Amino acid sequence: MKILKIAFWVLWRVWFYVLMAIPILIMLPFLLISIASERGYPYFFKMARIWAKFILFGMGFYYTVKREQKLIKNKSYMIVANHTSMTDIMLMLAVVRNPFVFVGKKELVKIPLFGFFYKRTCILVDRNSSKSKNEVFKRAQSRLNQGLSICIFPEGGVPDDESVLLDEFKDGAFRLAIEHQIPIVPIVFADNKERFSYTFLSGSPGKMRVRILPFVETAHLTNDNRKELKDQVRQKIYNGLLAFGKEDLKEESLIIKPGKI
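Bear in mind that the values here come from a model prediction, so they are computed numbers and not experimental data.

Considering the side chain of serine 34
Then step 1. As for its placement among the helices and strands, serine 34 is situated in helix H2 (residues 28-34).
Then step 2. For serine 34, the contacting residues outside a window of four places in its chain are Gly40, Tyr41, Tyr43, Phe44 and Met47.

Focus on the UniProt feature "transmembrane region" (unreviewed entry) in the protein
Then step 1. According to UniProt, the "transmembrane region" (unreviewed entry) feature falls on residues 12-36 and 48-65.
Then step 2. The straight-line gap between the two end C-alpha atoms of residues 12-36 is 34 Å; of that span, 88% is helix and 0% is strand.
Then step 3. As annotated, residues 48-65 has a helix share of 61% and a strand share of 28%, and its two end C-alpha atoms lie 19 Å apart.

What about the packing of aromatic side chains?
Then step 1. As enumerated under the stated definition, the model contains 18 aromatic pairs in all.
Then step 2. Where phenylalanine 44 meets phenylalanine 117, the ring centres are 6.3 Å apart and the plane angle is 25 degrees; that geometry is what we call stacked. Taken together, the positions of phenylalanine 44 in helix H3 (residues 41-58) and phenylalanine 117 in helix H5 (residues 114-121) put the pair 73 residues apart, joining distant regions of the chain.
Then step 3. Ring geometry for phenylalanine 57 versus tyrosine 63: centroids 6.0 Å apart, planes at 15 degrees, classification stacked.
Then step 4. Judged by relative accessible area, which is 22%, tyrosine 63 ranks as partly exposed.
Then step 5. Ring pairs connect the aromatic residues Tyr41, Phe44, Phe45, Phe100, Phe102, Phe116, Phe117 and Phe153, which therefore count as one cluster.
Then step 6. The side chain of arginine 13 reaches across the aromatic face of phenylalanine 196, ending 3.9 Å from its centre.
Then step 7. When the ring centre of tyrosine 41 is taken as origin, the NZ or CZ atom of arginine 143, which lies over that ring, is 5.0 Å away.

Examining the pattern of salt bridges
Then step 1. Under the counting rule described, the total for this entry stands at 10 salt bridges.
Then step 2. With a shortest N-O distance of 2.8 Å, lysine 227 and aspartate 231 are connected by a salt bridge. With lysine 227 and aspartate 231 both in helix H9 (residues 226-260), this residue pair falls 4 residues apart, about one helical turn.
Then step 3. Three or more residues are tied together by salt bridges with common partners; here these are Glu68, Asp191, Arg209, Arg211 and Glu247.

Definitions and cut-offs
Residues numbered from 1 in each chain as written. Predicted model: local features only at pLDDT ≥ 70, side-chain atom pairs only at ≥ 80, totals over all residues. Heavy atoms only, no water. Helix = DSSP H or I, 4+ residues; strand = E, 2+ residues; numbered from the N terminus. Contact = heavy atoms within 4.5 Å. UniProt positions renumbered as here; feature names shortened; annotations may be inferred. Phe/Tyr/Trp six-rings, centres within 6.5 Å; stacked < 30°, edge-to-face > 60°. Buried < 20%, exposed > 50% of the residue type's maximum accessible area, 1.4 Å probe, protein only. Lys NZ or Arg CZ within 6 Å of the ring centre and 35° of its normal. Salt bridge = Lys/Arg side-chain N within 4 Å of Asp/Glu carboxyl O.

Pasting the structure below:
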């Protein structure tokens with residue numbers, strides 16, 4: 001049985017990368033046209049959402065979204081969420097309809113085919129280079145000035161220790177939000193670590209729950225408020241994860257009780 005389980009995990013993980021490639025190859029001419037200039041990005045974003053949903057459903061994932069506040073069309077936001085899985089990218093694209101640009105680590109450029117478009121549409125950061133970080137702010141400001149939103153996973157990466165519920169947040173997203181006086185949209189991904197973590201022999205098809213929390217306004221805040229803002233948003237996401245955990249325990253108790261009778 002264990003051998004069959006390992007075989008499933010290996011084939012399933014390989015299938016993930018196959019699914020990443022299929023829609024890119026099908027839409028390739030349109031994708032290339034859409035990235036020819038920055039004005040084409042909204043069209044690229046629509047195709048990226050199709051790509052994301054194709055992967056999620058193809059892997060056997062289905063998602064549910066609770067929106068405690070809705071994004072307004074044609075308004076810029078700073079979108080932040082906890083980060084535990086590569087599927088965070090796909091799920092974010094699937095649930096947020098407003099065009100946004102990811103700020104992400106440059107290492108993902110190495111993924112064949114995906115990396116080509118990732119490099120040309122996302123804002124890449126080398127976390128070991130202060131020069132790269134300054135360049136990120138310039139590019140993010142340019143995108144915000146075009147009316148787009150920015151998406152950052154403020155943990156700055158996925159913790160090596162998967163027992164960590166939520167790592168400490170970096171300053172970047174909050175500095176940008178304050179400078180541009182745009183609302184912060186905190187999002188909680190409840191199940192991505194369980195569904196598809198970075199541990200190779202792990203995961204399973206199933207539900208991915210998402211909660212979009214009430215926005216945090218930055219109007220009238222200054223850079224002196226950055227730490228307070230960062231801590232406030234982190235606490236909101238942390239509390240959201242704890243709430244999902246309590247829901248899971250409640251469901252488990254309801255399942256166990258009938259068996260004891």
